[in-house]
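# Structural characterization, general
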Amino acid sequence: MIIRNVFANRNVNPKKRNRSKILISQKRWRESNGHKSRAHDLLNKAVKRGDLVKPTLCEKCHDAHRHIHGHHEDYEKPLEVIWLCPPCHHNRHEELLNDSKN
Ligand SMILES: [Zn+2]
Ligand SMILES: [Zn+2]
């Protein structure tokens, strides 16, 4: 049984094999990032509807910035965000990365 499978795999067109690999990695990416893009989507919609007011000040450094980002501490709660300027947002993610490393 095992020997027969080895021979079967040899006949697989390498191009076909590569394509299925790419498809798998895309699926994995969606699975691991889908909740993030959904959270951003819901947040953007809430801001557009006016349900949520995007401030002009960063919650961390209290600087006014043209592009304030809604940062999700918990992607399961798409409308609970911290509003951060891009540098603070970046720093927050660095902190989270370091936290998960420890
Ligand atoms: Zn800031
Ligand atoms: Zn963030």
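All of these numbers come straight from a predicted model, not from anything done at the bench.

Criteria and thresholds
- Residues numbered from 1 in each chain as written.
- Chains lettered and ligands numbered in written order.
- Predicted model: local features only at pLDDT ≥ 70, side-chain atom pairs only at ≥ 80, totals over all residues.
- Helix = DSSP H or I, 4+ residues; strand = E, 2+ residues; numbered from the N terminus.
- Buried ≥ 20, exposed ≤ 12 C-beta atoms within 10 Å, placed from the backbone.
- Contact = placed C-beta atoms within 7 Å.
- Core = buried A, V, L, I, M, F, W, Y, C linked by C-beta atoms within 7 Å.

What follows concerns the overall build of the protein chain. From N to C terminus, the protein chain includes 3 helices and 2 strands. Counting across all 102 residues of the protein chain, residues that qualify as buried make up 13%. Here the contacts in the protein chain between residues at least 6 apart in sequence split such that 46% fall between residues at least 24 apart.

Formed by Ala39, Leu43, Cys58, Ile68, Val81, Trp83, Leu84, Cys85 and Cys88, the largest nonpolar core amounts to 9 residues. Of all elements in the fold, only α2 (14-49) and β2 (81-84) reach the threshold of two or more residues within this core. With 3 residues, β2 is the largest single contributor of residues to this core. Apart from the residues within four sequence positions on either side, Leu43 is in contact with Gly70, Pro78, Leu79 and Val81.

Unlike most non-glycine residues, His62 shows phi in positive territory, near 60 degrees. Mapped onto the elements, His62 comes out in the loop between α2 and β1 (69-72). Since 9 C-beta atoms lie within 10 Å of it, His62 is described here as exposed.

Among the structural elements, Pro55 can be located in the loop between α2 and β1. Spatially, the C-alpha atoms of Pro55 and His69 are 9.5 Å apart, while their sequence positions differ by 14 residues. Discounting chain neighbours no more than four positions away, the residues touching Pro55 are Ile68 and Trp83.

Before going further, it helps to spend a moment on the environment of Val47. Position of Val47 relative to the elements: it lies in helix α2. Look at Val47 and you get partly exposed, because 15 C-beta atoms sit within 10 Å. With 32 residues separating them in the primary sequence, Val47 and Leu79 have C-alpha atoms 9.5 Å apart. Contacts of Val47, omitting those with residues within four sequence positions, involve Leu52 and Lys54.

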